[in-house]
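# Per-entry structural report
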Amino acid sequence: MTASGIYVYGIVHRSHPLSAGADTGAVGVGEPPEPVRLLPADDLAVVVSAAYPGLRARRRDLMAHQGLLMTLAEAGPVLPMRFGMVAPDEATVLAGVAARHGEHLAVLERLDSRVEMNIKITPVQDDLAALIREDPVVRRIREETRRRPGYEANVRLGEAVAAGLRRRAAVAAARLPAAFAGMADEVRPGPDVEGCVLNVSFLVPRREEGRFRNVAERFAADHRDRLELRVTGPLPCYSFVAPEPVPARA
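Just so it is clear, the structure is predicted and the values come from calculations on it, not from any experiment. (Residues numbered from 1 in each chain as written. Predicted model: local features only at pLDDT ≥ 70, side-chain atom pairs only at ≥ 80, totals over all residues. Heavy atoms only, no water.)

### Here's the deal with the overall build of the protein
- Along its length, the protein carries eight helices and nine strands.
- Within the protein, the proportion of its 250 residues that are buried is 42%.
- Contacts spanning at least 24 positions in sequence make up 78% of the contacts within the protein whose residues lie at least 6 apart. (Helix = DSSP H or I, 4+ residues; strand = E, 2+ residues; numbered from the N terminus. Buried < 20%, exposed > 50% of the residue type's maximum accessible area, 1.4 Å probe, protein only. Contact = heavy atoms within 4.5 Å.)

### Looking at the pairing of strand β3 (residues 44-50)
- Most of β3 is tucked away: six of the seven residues are buried.
- As paired elements, strand β2 (residues 37-41) and β3 share five bridges and run antiparallel to each other. Directly across from Arg37, in β3, lies its bridge partner Val48.
- The hairpin turn running from β2 into β3, its antiparallel successor, is two residues long, and Asp42 in that turn takes a positive phi close to 65°. (Pairing = 2+ DSSP bridges.)

### A short note on helix α3 (residues 101-111)
- When we look at burial in α3, the residues that qualify are His104, Val107, Leu108 and Leu111. Looking straight down α3, one finds its buried side chains confined to an arc of 100°; they lie on one side.
- Where α3 is buried, its residues contact β1 (6-13), β3, β4 (79-80), α2 (90-99), β6 (114-123) and β8 (198-205).
- Once α3 ends, the next one or two residues include Ser113, with phi positive near 60°. (Arc of directions from axis to C-beta.)

### Quick notes on the side chain of His16
- With respect to the secondary-structure elements, His16 resides in the loop between β1 and β2.
- Taking the relative accessible area as the measure of exposure, His16 reaches 6% and is therefore buried.
- Once residues within four sequence positions are removed from consideration, His16 is found in contact with Leu38, Leu72, Ala75, Gly76, Pro77 and Val78.

### Section: the side chain of Asn118
- Locating Asn118 in the fold gives a position in strand β6.
- Note on Asn118: relative accessible area 6%, which makes it buried.
- For Asn118, the side chain forms a polar contact with the main-chain oxygen of Val200, separated by 3.3 Å.
- A distance of 3.1 Å separates the side chain of Asn118 from the side chain of Ser201, its partner in a polar contact.
- Excluding residues within four positions of it along the chain, Asn118 makes contact with Asn199, Val200, Ser201, Arg230, Val231, Thr232 and Leu235. (Polar contact = N/O pair within 3.5 Å; in protein donor to acceptor, adjacent residues only side chain to side chain.)

The structure is reproduced here in structure tokens:
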């Protein structure tokens, strides 16, 4: 199949290795997987492969994209692109890198030996008795529902319970960033996620990853009556770079 552009994975220092040990070469997205190469750009390099029509966000390709970035990050800092970024040709890529050369170098320095750790928090759903004791709004609507039962009353009660559980979880979740004080270099809120009261990413030195997980586990245990906490990472540092570091289309 004829290539339709340059698939862009990220930016690294020019001396950055693509593979290590006995690996014969790095591969990326595509079926079969496309060989990955470094496109030199002065003292930087862009990690690229061929791009083909019909590229979609299939699990295999999503995992290949992220897996390559994580492998690269083990050997040094990487300025990552999100999945599916395709430039029309090498000249466009190189012009974009040259236009922001100093910025890219500064970002690579900031990301060196660091990873992104993401935390999502959702409300617990099975502690209605505690919610009724603590939340006067829910308690009042529950009493009204008992006096005047019916479909609409039950809907109102269900909505009040859901909102109350979210409030309890949100109050506890607000304490989370302080739990990581002195450990994370930066904190960035993520986009709204259905069902979550908090979606936040932390830029964490690699040496602190284990301690980060321990703190998150203790926080979850201390607030298990109010929230459920999920840690994802280490991840490429998507949340801590400007979008589209080189001209490309998604």
